Amino acid sequence: MLAPLSVPVEHFQPDVDLSWPFGKLEGLDRDDIREAAYEVFFTSCRSSPGFGGRHALAFYSSNDSADGVGTSGSGSPGSSGRGTSGVGMVANSRIKRTLGLKTLKRIRSRRASSGGSGSNPSSPNSGPGFGGGGGIGGSPGMSFTVPARSMPTRRPLTSAEIMRMQMRVTEQSDNRLRKTLMRTLVGQLAYVRQMSRRAETVILPLELLRHLKPSEFNSSQEYHFWQRRQLKILEAGLVFHPWMPLQPRNTHAMKLREIIRAHDGMSLDTGKNSESLRSLCNCVVALAWRGANGNPTDVCHWADGYPLNVHIYIALLQSVFDHRDETMVLEEVDELMELMKKTWTMLGITRPIHNVCFTWVLFYQFVVTGQVEPDLLCASLAMMAEVANDARRGDRETIYVKTSASVLSSIIGWSEKRLLDYHVGFSKASTVMMENLLPLVLQARKILDEDIAATIAARQEQQEDKLQADVAGAPCENRVDLYIRSSVKNAFDKMIETGNISIKAVDINRALSETLIELAQATEELAAKEKETYSSTIKKWHPVAAGVAAVTLHNCYGDILNQYLSGVCALSNEIIHVLQRAGKLEKILVQMVVEESVDCEDGGKAIVREMVPYEVDSIILRLLRKWIEESLRKPKDCVQRAKDTETWNPKSKAEPFALSAVELMKLAKEKVDEFFELPTGISEDLVQALADGLERIVREYTTFVASCGTKQSYVPSLPPLTRCNRDSRFSKLWKKASCSIGAEELQQALSSEGHHPRPSTSRGTQRLYIRLNTLHYLLSHLNSLDKTLSLSPRVIPSTHKRCYRSLGSSSYFELARASMQGAIQHVAEVAAYRLIFLDSNSVLYESLYIFDVANARIKPALRILKQNLTLLGAILIDRAQPLAVKEVMKASFEAFLMVLLAGGSMRIFSRLDHEMIEEDFKNLKRVFCNSGVGLIAEDEVEKDADVVEGVVVLMGQSTEQLVKDFSTAACERSGIGVAGGGQKLPMPPTTGKWNRSDPNTILRVLCYRNDQAANAFLKRTFQLPKRR
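Calculation rules
Residues numbered from 1 in each chain as written. Predicted model: local features only at pLDDT ≥ 70, side-chain atom pairs only at ≥ 80, totals over all residues. Heavy atoms only, no water. Helix = DSSP H or I, 4+ residues; strand = E, 2+ residues; numbered from the N terminus. Buried < 20%, exposed > 50% of the residue type's maximum accessible area, 1.4 Å probe, protein only. Contact = heavy atoms within 4.5 Å. Areas by Shrake-Rupley, 256 points an atom, 1.4 Å probe, with all protein chains shown as cover. pLDDT = per-residue confidence, 0-100. Salt bridge = Lys/Arg side-chain N within 4 Å of Asp/Glu carboxyl O. Patch = residues over 30% accessible without salt bridge, like charges linked within 9 Å, V, L, I, M, F, W, Y side chains within 5 Å. Lys, Arg positive; Asp, Glu negative; His and termini not counted. Charge placed at Lys NZ, Arg CZ, Asp CG, Glu CD. Polar contact = N/O pair within 3.5 Å; in protein donor to acceptor, adjacent residues only side chain to side chain. Axes fitted to C-alpha atoms, helices over the stretch in contact; angles between N-to-C directions. Parallel < 35°, antiparallel > 145°, perpendicular 65-115°, else oblique. Left-handed = near helix turned anticlockwise from the far one by under 90°. Nonpolar A, V, L, I, M, F, W, Y, C, P; charged D, E, K, R; others polar. Phe/Tyr/Trp six-rings, centres within 6.5 Å; stacked < 30°, edge-to-face > 60°. Lys NZ or Arg CZ within 6 Å of the ring centre and 35° of its normal.

Colleague: When you look at the overall build of the protein in this model, what are you seeing that I'm missing?
Modeller: Across its full length, the protein carries 37 helices and four strands. When each of the 1028 residues of the protein is scored for burial, the buried share is 53%. Look at the contacts in the protein between residues 6 or more apart in sequence, and 80% of them connect residues 24 or more apart. Of the roughly 46900 Å² of accessible surface on the protein, 52% is carried by carbon and sulfur atoms.

Spelled out as structure tokens, the structure:
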């Protein structure tokens, strides 16, 4: 008994994911089908040399006369050019040459068997029924030659021996088959109705059951298993898968199934008088010889029903692979194929079905042998071309359509599973395999979607077949594009899975940012690998393969980037690094698309439109603007706190500024420094945005600092104009006081404080000084910020014309600077007027020249003023002192004028007082000229003193001259020309802008002139009331 030489192919890789396209046969495994296939093959080839001897009993096969299917025995490739052994010396196979298969190193045509024919039971003339002595059931009409025993020799193997070895059939099984055929073909069989002894008229399983007895098997169990297989074959071919559908409740089919079920656990009695065997024979013959209309016919059908016939034929085709190296095809494949053709009639196989099955077998062998032999894939591709030619004919039978659709669907399913993830399925070394698999699956897809689908659609009776749903698919022209996109996406997803990347809106951290940067690097490497390894192969079927891969990777990374950015709340260095790396990746991928699209008709515009831009620059710009907005929140809060809590107490003697200003400028500087530390390009637009935000805050704070009232609130209101009267209550009081204590003593009493001068600057005025210091502090630090923003080398000049700054200015804070200068001026004025009209009111406006000029001079007030200026210099910083002193000077001059022109009813002047007043004013000017080195230039003092000196000059003029000057000025101002003819002079309005040519100023001098002429003029002209 010959043991199998190798593991069966179907058991070589049980986990292969290539689906079997022909369905399952109930109760039959692949070993059962293989045994049955050998039996069918041997029976069909029984007339060929090597299967029964040249002089064996001849029988005739319908294949011998079939057009394009087989040839006669002597002229067939199985016998042409051969000796009596049946195997010639084939050095090169035509089929292998056509399919591009390698020639075996060992020439299989030289296979040899040791020993003579007497020692080899499988030789054509040996074994029971074919050996010397006739054997059991031997026919007296046949002669057999038994060669004499001799020393062992080596001879070539016959085709029958090669086939038996390839199909792993034991010699014992082979001998039993030969014996049965001898008994069947020699005897007069009632079951074939005395027809010619053609192989296709033999119901082989039935004959085997009739002629083989339990004694011819090693054990009863082996016999039972063998018998059970034969019954299952009959059941599959006649009941489950008949060539013509059975009528419902066919009695013979039902009876046959009953017999088979009854003997499922026990052997069938095959004796001559066995009723079970007789019933079995009747049922089998009735079903096998059944015609299309149910009536008996002269054609036997027991193994040509689909898919049993295809299962058997596939098992035969698989025998062409060398059992010692199952990736190689035998050199004898040509003659074996010719012999297999003899089974076509019995199995109902046609050349198109053969082409489909052989394509499947080549592809299946390529898969199950580990895809190590690319020649098998090339051979499958070559056979697919034959399938394509066959499929173009629209008159194909149903079995062909079913077989083709199933085979193509299986090939497509397996191939596309790898092509849809070719980064896993194919390495750099196996791209040649991919190069052959692509055209194979595309051709199969085209056949399935166009030719087979069209055939199915044309047949109305097939519309409800499940197969129709299986053949529907995507157009072939889009398949390669789909493979690229799917595989690239799968490769990208695998990187995500390997990197354990999980994007959560609440979990944007440094580690995740670094992971995205690494993912961008990996994506770039994947794109390079795609272009170098796969795109050059795929480009034959897709002109922009690398471009499609680049677009897919771009969109995949873009999805991850968008998820990442959706959780970004604030800009950070990590986020900028991620965006910058994404931008670099995008440029590389876009460049790949551009390079691939050079030869495209549209220049690659269509594929480029699929790329959703990352808009890295826009995102960074948006986040920067958001960062600026968030950064300005703290300074804004600082200003708001200052409004609620600032007391204008100095931080320290060394830093006489408001605490809020120090904090505000510190925050501003921090934000500017952080801004320029961001690892990205800083455009001039962004600098301007930051500067604008800071400027708004500083201006708001400046407005708050300057909110300290107005200078006019400290100026006394003007008293009503009156005329001096010698009989007034003031004059009487003055005379009475002079009589009782003396004028000099009275003056000393009124100015007693002037002998002990001390500063009269109030706390409120000192707080105004702190405001003034604060404004200068802000201005200096604002200039520093401006310099930082303007001179930073990180700033990228704006590419578009846009006027951010005032004409002629290079400052980012021009408005804030102007606002601050105005605030400084305003606070200085308010502080000066408060100092003079409020703090120094008692020694200046309320005391100077009261009752009498000679006894109420300015000297005490000047002492206090000097002390106040000293304190001012101690509080104010150097930059603030010049303006503050100047404003004090202006306020002092204003107060001096108020004494002269609006001093109220307690002041009267005569022309003789002019010299004393002039001297006092000179002393007042001297105070400011000497108040500090370089604080106020002397010419500035003189310029501001011009108005006061003009008024003092008026006080030295005669009343007549004053009246004349007044009349002229009043008429000119009112526009009536020269007064005369009793024309009344107009009352000049009070403008507050006093000067020697102003009629209102001259009028006021007259009102305070203590003489009869002035009194009479005022009474006559304006009816001014007398002082009381």
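Colleague: Teacher, can you tell me more about the confidence of the model for the protein here?
Modeller: Low pLDDT marks stretches whose predicted atomic positions should not be read closely. Across the protein, the average pLDDT comes to 80, with 79% of residues at 70 or higher. Per-residue pLDDT stays below 50 along residues 114–151; that stretch engages in 63 contacts with residues further than four places along the chain or on separate chains. For the stretch residues 749–755, pLDDT sits under 50, and the model shows seven contacts to residues farther than four places along the chain or on other chains.

Colleague: What am I meant to see in the pattern of salt bridges here?
Modeller: Between side chains of opposite charge, pairing is possible as soon as their charged atoms come close. One pass over the structure, following the stated rule, counts 42 salt bridges. Two residues, Asp375 and Lys102, come together in a salt bridge whose shortest N-O distance is 2.8 Å. Of this pair, Asp375 sits in helix α13 (residues 374–391) while Lys102 sits in the loop between α2 (94–99) and β1 (112–114); the two residues are 273 residues apart in sequence, bridging distant segments of the chain. In this structure, Glu949 engages Lys925 in a salt bridge whose closest nitrogen and oxygen atoms are separated by 2.3 Å.

Colleague: Help me understand a positive patch on the surface in this model?
Modeller: Residues Lys859, Arg863, Lys866, Lys922 and Arg926 make up a contiguous surface patch of positive charge. Broken down by secondary-structure element, the contributors of at least two residues to the positive patch are α31 (859–875) and α33 (914–929). Mapped onto the secondary structure, Lys859 falls in helix α31.

Colleague: Is there a simple way to think about unusual backbone geometry in this case?
Modeller: Apart from glycine, the bulk of residues carry a negative phi angle, and the bulk of peptide bonds sit in the trans form. Residue Pro307 follows Tyr306 across a cis peptide bond; omega there is 10 degrees. Within the secondary structure, Pro307 is located in the loop between α8 (275–288) and α9 (308–317). We note that Trp648 has phi near 65 degrees; this positive angle belongs to a residue other than glycine. Turning to its location among the elements, Trp648 is positioned in the loop between α24 (633–645) and α25 (659–677). The exposure class assigned to Trp648 is buried, which follows from its relative accessible area of 6%. Even without a glycine there, the phi angle at Gln1023 is positive, about 50 degrees. On the accessibility criterion, Gln1023 (52% relative accessible area) is exposed.

Colleague: Sorry, what's going on with the side chain of Ser159 here?
Modeller: One can find Ser159 in helix α3 (residues 159–166). Overall, Ser159 belongs to the buried group, its relative accessible area being 1%. At a separation of 2.7 Å, a polar atom in the side chain of Ser159 contacts the side chain of Glu335.

Colleague: Would you take a moment to explain the packing of helix α5 (residues 204–211) against helix α6 (residues 220–240) for this structure?
Modeller: Relative orientation and spacing of two packed helices are given, respectively, by the angle between their axes and the distance between those axes. Contact pair α5 / α6: the axes reach a minimum separation of 9 Å and the direction vectors enclose 150 degrees. Taken together, α5 and α6 sit at an angle that is classed as roughly antiparallel. Considering the relative orientation of α5 and α6, their crossing is left-handed. The residues of α6 that touch α5, namely those facing Pro205, Leu206, Leu208 and Leu209, are Trp226, Gln227, Gln230, Leu231, Ile233 and Leu234. Of the residues belonging to the contact of α5 with α6, the class tally is eight nonpolar, two polar and no charged.

Colleague: Where do I start with the packing of aromatic side chains in this structure?
Modeller: The description of an aromatic ring pair uses the distance of the two centres, along with the angle that the planes make with each other. The final tally for this structure, using the stated rule, is 29 aromatic pairs. With 6.2 Å between their ring centres and 75 degrees between their planes, Tyr849 and Phe896 make a pair best called edge-to-face. Of the two residues, Tyr849 sits in the loop between α30 (814–839) and α31 while Phe896 sits in helix α32 (residues 881–901), which places them 47 residues apart along the sequence. Through a chain of ring-to-ring contacts, the aromatic side chains of Tyr849, Phe893, Phe896, Phe909, Phe921, Phe928 and Tyr1008 assemble into a single cluster. Just above the ring of Tyr845 sits the side chain of Arg907; from NZ or CZ to the centre is 5.5 Å.

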